[in-house]
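Structure assessment
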Amino acid sequence: MQQVIAEKVEQLAERLLARGWTVTAAESCTGGGVAMSITELAGSSAWFEGSYVTYSNRLKELMLGVSASTLKNFGAVSEDVAAEMALGARNNAGADLSIAISGVAGPGGGTPEKPVGMVCFACACQDQPVSMQTCYFDGDRHDVRQQAISHALQMLLDKLS
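Since the model is a prediction, treat every value here as computed from it, not as a measurement.

1. Quick look at the overall build of the chain
- Check the secondary structure of the chain and you find six helices and five strands.
- Each helix and strand of the chain, placed in order from N terminus to C terminus, yields the pattern α-β-α-β-α-α-α-β-β-β-α.
- Over its C-alpha atoms the chain spans a radius of gyration of 14 Å, differing by no more than 12% from the 15 Å that the globule rule assigns to 161 residues.
- With the C-alpha coordinates aligned to their principal axes, the bounding extent of the chain is approximately 45 × 30 × 25 Å.
- Accessible surface, the chain as shown: approximately 7,400 Å² in total, 50% of it carbon and sulfur.
- Computed over 11 positive and 17 negative side-chain charges, the inter-centroid distance for the chain is 5 Å.

2. Quick notes on helix α5 (residues 79–93)
- Its 15 residues place the ends of α5 21 Å apart at the C-alpha level, agreeing with the 21 Å of an ideal helix rising 1.5 Å per residue.
- Residues of α5 that are buried include every one of V81, A82, A83, M85, A86, G88, A89 and R90, and no others.
- One or two positions beyond α5, positive phi appears at G94, with a value near 70°.

3. Remarks on the side chain of S78
- Residue placement: S78 occurs in the loop between α4 (68–74) and α5.
- One polar contact links the side chain of S78 to the main-chain carbonyl oxygen of G75, over a distance of 2.8 Å.
- Residues within four places of S78 in sequence aside, it is in contact with K114 and C120.

4. A look at the state of the cysteines
- Taken as a whole and assessed by the stated rule, the structure comprises zero disulfides.
- There is no disulfide at C120, and the cysteine sulfur nearest it, in C135, is 8.8 Å away.

Rules used in this analysis
Residue numbers run consecutively from 1 along every chain, following the written order of its sequence. Side-chain atom pairs in this predicted model are given and counted only at pLDDT of 80 or more, local residue features only at pLDDT of at least 70, and totals for whole chains, interfaces and linings cover all residues. Side-chain numbers come from the whole structure's heavy atoms, not from hydrogens or water. The helix count covers DSSP runs of H or I at least four residues long, the strand count covers runs of E at least two residues long, and both are numbered beginning at the N terminus. It is over C-alpha atoms that the radius of gyration is taken, and the globule rule equals 2.2 Å times the number of residues to the power 0.38. Surface accessibility in these figures is a Shrake-Rupley result with a 1.4 Å probe; residues are shielded only by whichever protein chains are displayed. Residues counted as positive are Lys and Arg, residues counted as negative are Asp and Glu, and His and the chain ends are not counted. By convention, the charge on Lys lies at NZ, on Arg at CZ, on Asp at CG and on Glu at CD. One fewer than the residue count of a helix, multiplied by 1.5 Å, yields its expected span. Only protein chains enter the area calculation, which uses a 1.4 Å probe; residues under 20% of their type maximum are buried, those over 50% are exposed, and those in between are partly exposed. Under the rule applied, a polar contact is a pair of N or O atoms within 3.5 Å (in protein, one hydrogen donor and one hydrogen acceptor; residues adjacent in sequence only if both atoms are side-chain atoms). Residue contacts follow a heavy-atom distance rule, with two residues in contact if any of their heavy atoms lie within 4.5 Å. Cysteine sulfur atoms that come within 2.5 Å of each other are treated as a disulfide pair.

The analysis is restricted to geometry; functional conclusions fall outside its scope.
Following this line, the structure appears as structure tokens:
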């Protein structure tokens, strides 16, 4: 999985550099994994602004401007919250593109409505509607997080296609 992630980061770098764009991330369940994967590539500072690791709802509100009512009505693991995270990150960082990830990595914390492995994503790109998606990944905590990182990078690549 690490090789797949590294290849996606290289493709992302090529596409962003070709456009002269920058990207940022807002991460919850991945705990900075997207940022770590991106910064493994030397020279990523030319196109990666950084990542907001907002694990708590309080920081989602404070750092990214996620509304308390959205958190209350939909819960942190929702496409609505991910969309607000993505917009807040993009706006705060002044980036052209952003990705947000919020999910239940496990092993606990799942419910029948939001089981372990459920991860919500949102991608915000300048002058375009926010893209949102929910995925259900299998495996342990590490597996879920790795799959979420890979999927987040793929969403960014798809947006740049």
